[in-house]
Structures are given as structure tokens and as C-alpha cells.
Amino acid sequence: MKAVLVTGMGIVSAIGNNRQEVLRSLRDGHSGITQMRYLHTKHRQYPVGEVPLSNQQLRTLCGDSVAADENISRAALLGLVAAKEAVMQAGLTPDDMPLTALVSGTCVGGMDLTENCWEQLLNTDDCNQLIRQHPCGEHTRFISDALGGFGYITTISTACSSALNALIHGARLIQQGLVDIVVAGSAECLTNYHFNGFRTLHILSEQPCRPFDDNRNGINLGEGAAYLVLESATSAARRGKQPIAWLTGMGNACDAFHQTASSEDGEGACRAMREALKSAGLKPNQIDYLNAHGTATPNNDLSETHAIQRVFTDKLPVISSTKGFTGHTTAASGAIESVICLLAMQNGFVPVNLNWEKPMENGIIPYVESNKPIQLKHIMCNAFGFGGNDSSVIFSAQPATPATVAISERHLYVHRAAQISSALPLSDDWMTSPLLQTDRKLPVQEPDYSQFIPAGQARRLGPLLKRSLATALQCLQNDDETIVPDAIIAGTGLGCIASTETFLNQIKNNGEELLNPTPFIQSTHNTISSSLAIWLKAHAYNNTFSHLDTSFDSALVDVVAHLAEPDCTWRNILLGAYDELTPAVYNLLRKAEFGGKTEVPLGETAVSMLLSTQPSDCEITDVLLPDTADCNIKYLENLLQTEDVLLIGANGDADYDRQYDSLLAYYCDRTILHYKHLFGESLSSSAMGIYVAARCLLHNTLPAVLHYKGNKQTKANGIVFVNYSYTGSLTVVRLQRTPQKGNNRK
């Protein structure tokens, strides 16, 4: 396991536009919680932690290339300001970028632009450039392009734990040797959408927030961005960079309790902290300072208190929440608070817990002394999100001494896979009785959900939630029991976009009054993975990638990176890709020429797969980072030396399909398959392609309907899957048939 060093950091928040300003505010006890200035809402009685810069001022900070471009979301601008500072401190050059990964988190992406043009969206083309900024992955793409282009980029959206999960994923990429340098963090701006969403939950305070105070009554929303440059020791030594600190511990778990509330005993938070301690090789009494999630809601602070007391028992570290300085910056909170932790470690002090006066009954006593010198060797930082997605990381002033662990080779097998799409749902009948698609928009064939979901519960679920739950349960039902997976990882380009549209319409039509919180809650991108965890009472690892049409690809990379860890105990993993196609999204994708210029059919898909380290008839043997084509093509050429069948993502658009010409020429005397003529092009197309390959190998047949060019084999020992994304990445996955005697988990 490679050490992970921090060699750069950047931040922009309500208390400063760079590291020095933030440090000064922390030292002076200066809060950034003020009355609204830039957020447009009628409910102006709520104080917020706004970055004190207009969008134009942010564009100026970003540089000449974007100074005049008004079609950039505020989240993207904030992200670029922070990322530039981190990259500059780390001394990264343009030559380093193609070998560096960018992992960013966000909840609402470009929602500030979306809500401004929502009313005109379906009636005019004038706002096309604005609405294209909406997906979470767009802010990551913008930062990458502005900094010269990273070799691998992806986006994580797990509500308020997004930033820490971005750090965890980035660190894991380095530990497994997949990359040497990662810029990881998160960006979030205040929007009318998520402000009103939190308001419907009745958890906003009209006074400055009071974390861990007995009289606490809610949160102050904030905005900002922060990024850390993570690096392997080898890379840092090669570049002559001294570490700021080491990222030594990381943990993620699911509370599996409720979509917005935390359990009373803080089970998910407790598991995440213990996992972080375990991975760092530290005992609880070695943590000098804990930067708590501490949102100042009655529920969160009590739950986190119980979790902290369970982990640290009778010897608690110094504890404070810094949300009294910045407000709750939701997806960005973990990154902003990580930078605050590192500033505290560098300068030998603990940020105070502002506004605290009266202890909770049997509660923790947060740190309120100002500027007392404290040596900090190990700091823990917590971030907990909707759906019970709980994460913790540990930063150390010196490298940890890892325990000696025997490394055992693990294989990854596909045991079951299920889909709901334009084909017959939850069925493999497409292999023998396909529905050849000719419509431009392919409607989903909905199954009978009553076999999976009681009618009363189904009525409260959006369409995509029902599809994800049905496909997952079909994969997990084994004889008379339901398998509880050791990890749930999802990819979704747009999340439950129908719920997002519903809440946007409510805000527009109701004038920010009488809003229903249900569509807001279900619009959170990790609603699907957290709903599955709550349904299954699965407390283990839970993550959601939301990076346009490579979301699933990054989710699969996350699985492979985890399994490479020496002490990974995963046996069963639920992996899925879920996207829906509303009329508004369909029109937008068409205007953006997603699918090509020749009106390729667009579809929507829910795909779930049960992966396992236990043998089955189908093994995933090679997974490449969804990297740029130039980086992956050499490795692909080596794979093509095998006798495997080739499955490609050709969709019928001449310009798009031309990318596969060299592969077709190389493979011309062998069997070439395709699949998008059955399921359409979608944001989850790579997941559907891997599903098709797995089902072919599990059934030991190559259906005639899949044959594209070359020979007409009816069976294959292996399939190489290749798909070009519309965001410029190339996905390559190899699957092999590995027959197992007595296997009953197909």
C-alpha cells in the first residue's frame, strides 16, 4: 500500500478566498455567516455563509480565459479558484496534468444556471449553453479544461459527504498505483433549489448556528470549494516536493436508517470513524483533534455525539465544529474542513467552536479556547450526508507505520445481472426475442413492481428508484434469503431527474411556498444507493459517481481499487447504473447531439449487477480507467492480441462510429458484436454493454441479434468491451468465461 502525501491545498469560502485569509479568520474567530447578498430568494431572514465575491469577481480570479464567459456555473468558478491555488502550491505543471487525476464532488452542480432559465427551457434554444452546465460532472470537466486537461476525471455526488469520498477515492487510486497524483476535493454554490430544499425539512436557523449547544436549532447554509493535491511518495520525491501532511486513514459506511435523519446511536458515523482508525493503524487515544460534522441540528449533533462517545469511550480528543465560521457548505464541507484541519496542524492550534454556550445533556464539550498552542500529530475529519452516507479521514503530521498484511490475489466475478430498459424488463429474452428499436425515444418496459415493493411504498417512490430497487433485489435474492452486499456503488449521470424537475416546478409555480420535501430528497444523486442500503440494512461502503456517461465506469474502477487493498473483506458487491429520460432531458440531449447527428435512438436504463470475489462462470479480468483515448489505446492493442470476441458501442451515427474503424480493421477476421440497436444510446450505455457481455458468458451463447461484423461465433471464451463516451473517454473492460461446477448463482 503506497503512502498518500498532501502536497498542495486551495480553498475559497465565506471566511477567505485563499489559505492565508482563511487562516487569519480562524485565528481571529471571525465568522463568515452574514445576511444574504447574492442568493436570490424571498426568504431572506436566514443567514448564510456566502463567498463574498460576485460571479464576475470570481471569473476575474479564474483568469482571462473565462473572465467574459457568463455561461459558467458559480460552483465551477469556485472550484477553479480553489483548484488553481492547490495546483500552484503543489508546483504542478502542464506536463504533469495528463498523468494526474481530478476527482471532484458536488450536490447540485450547475443548478444556479438551471433554475435561472428553467421557465424558458422547453420553449427556446436561448439557454442551451446554460442548461448544459447542469450535470454534476460539468463542473469537473470545466476545471480540468481550464487547468490544461487531466488524464482521468470523475465526479462523486453523495450529498454532504461528497468531498471526503472524493479524497478517499483519490487516495485509493494512488495506493493501488493507478495514478501518482490526484487533485481531489469539492465545490458547491448556494442555489435557490437546495436552499428551499433544506427549508422544507425545517432545519435552517434564523440565527448563527450553535453546533453541540443545548439550544442549537438548525444550520446556516454556506458555499465554497477546496481541493487537496494527493501524491505518492515516489512522485513527490521525483518532483522535490515536501509533504504538508499524510492522508493516513479513511473510512466510509452507511447509517442505513433514513434518507435525511441520522440514527440515534450514530451507527454509520461510528463505523466510518473506526474504519478510518483501522486503516491508519491508530488507536482512538492517538487522535489529537476531531473536526466534527457538527451541523447544529438537534438530530445530527446528538447522533454524532453518541457515535464519538462509542468510538473514543472515556478519553475524547479535542473536538470542534467549524460550521460556525463557514456555514454548512454541503458537498464541499469535507474538503473545506480538511484544509482547515491542515492549516491547524501546520500552525499548531485548534479552531474554536463558535457560539457554544450550554452543554447538551451527556453531550461533548467542544473546544472554545482561542489561540492556545496545541501540537497536532493526528487529526480526524468527519462528513455525513443524506441517506446516511458517512465518511471520515485522518491526516497525520508524520507517515504512519502500516501493519504487515498478507496480500492475497482476489478475482472479481459477475454472479447475476438484471436490467429494466426498452427491452423486456428483468429478463434475458432480448437474447432470443429482441425488440428491435426504431423510435427516437425508447420507452421503458415497466415490470410488475409488486413482487419487489409493497404498493404503499411504491407510490412514494419515483420511477427510477423503483427500477433500481427491482433490479437490485432480483440480483440479490438467493433461494429464500436476500444477500446483504458488502458494498453498494452506483453510477448515475443525472440522478432522479424527474424528481429534480418536480421540485423546480414547485418553486416556480408556488413562489417558494408550500413545497413538498419528497422530490427534493429523492433528487439527491445518492438517493438510489442510500435507498438500497436502507432497504437492505446494509451498513457497509456506499458511494455514487455522477460523471455524465462515464459514471458507471468510475464506479467499476472503485470496485477494482478496493479489492486490491490487502485487508479488503468484500465478498458481495452491488454495482449499478441508473438513469431516466424525461421529455426535458431528451430534448436537451438531442440539442447537444448526444447520440450523434443521425437521430440515434435514446433510451433509459436501470442495470444492477451482483459482483463477488467467489467464483462464477464470468470473471472481469481487466478494467481500465475511463481515460482519454490516447492513454488507453496502447493497452487496448495488447488486449486485442487475445482470441476474445469484441463488443463495441457503435450506435449507427457515422461520425461517432468512425472512432471504432481501427478496431474493426484489426478485428476484421474475428467476431464483432454491438448492442445499442437493442437498448439505444444512454448515459448508462457502458453499464448495459458490460451487462450484455456478462449475460452472454453466463449463458455461454452469442445471440445472433448481437452480431455486427466478422465471423458469426455462437460462443466465446472472452469478450473485450470497448465504448467511447461523448465526454471524450475510452472505456475498456475484459470479461472471460470461467465455468464453475455446481455454480447456482447465475
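Just so it is clear, the structure is predicted and the values come from calculations on it, not from any experiment. (Residues numbered from 1 in each chain as written. Predicted model: local features only at pLDDT ≥ 70, side-chain atom pairs only at ≥ 80, totals over all residues. Heavy atoms only, no water.)

## Quick word on the environment of Leu563
Convention followed: A run of H or I in DSSP counts as a helix once it spans at least four residues, and a run of E counts as a strand once it spans at least two, with each numbered from the N terminus. Burial classes follow relative accessibility: with a 1.4 Å probe on protein chains only, a residue under 20% of its type's maximum area counts as buried, one over 50% as exposed, and anything between as partly exposed. Residues count as neighbours in contact if any of their non-hydrogen atoms are within 4.5 Å of one another.
Tracing the chain through its elements places Leu563 in helix α19 (residues 551–563). Under the relative-accessibility criterion, Leu563 is labelled buried at 8%. Between the C-alpha atoms of Leu563 and Ala171, which are 392 residues apart in sequence, the distance is 14 Å. Setting aside anything within four residues of it in sequence, one finds Leu563 in contact with Arg410, Leu412, Cys568, Trp570, Ile573 and Thr613.

## Looking at helix α20 (residues 583–591)
Burial in α20 covers these residues: Ala584, Val585, Tyr586, Leu588, Leu589 and Arg590. Backbone geometry just downstream of α20 places Glu593 in the positive-phi region, at approximately 60°.

## Quick look at unusual backbone geometry
The phi torsion at Ala159 lies on the positive side, around 60°, for a residue other than glycine. Inspection of the secondary structure assignment puts Ala159 in the loop between β3 (152–156) and α7 (162–175). Residue Glu599 is not a glycine yet carries a positive backbone phi of 60°. One can find Glu599 in the loop between α20 and β17 (605–612).

## Things to note about the side chain of Thr158
Tracing the chain through its elements places Thr158 in the loop between β3 and α7. Look at Thr158 and you get buried, because its relative accessible area is 0%. Not counting residues within four places of it along the chain, the set of residues in contact with Thr158 comprises Asn165, Gly385, Asn389, Asn526, Asn543 and Thr544.

## So, the state of the cysteines
Heads up, the rule is: Count a disulfide wherever a pair of cysteine sulfur atoms falls within 2.5 Å.
For the coordinates displayed, the defined rule picks out 0 disulfides. Cys107 supplies the cysteine sulfur nearest to Cys160, a cysteine that is in no disulfide, at a spacing of 5.3 Å. With relative accessibility at 5%, the residue Cys160 sits in the buried group. Unpaired in terms of disulfides, Cys381 finds its nearest cysteine sulfur in Cys341, a separation of 4.4 Å. Using a relative accessible area of 0% as the deciding quantity, one classes Cys381 as buried.

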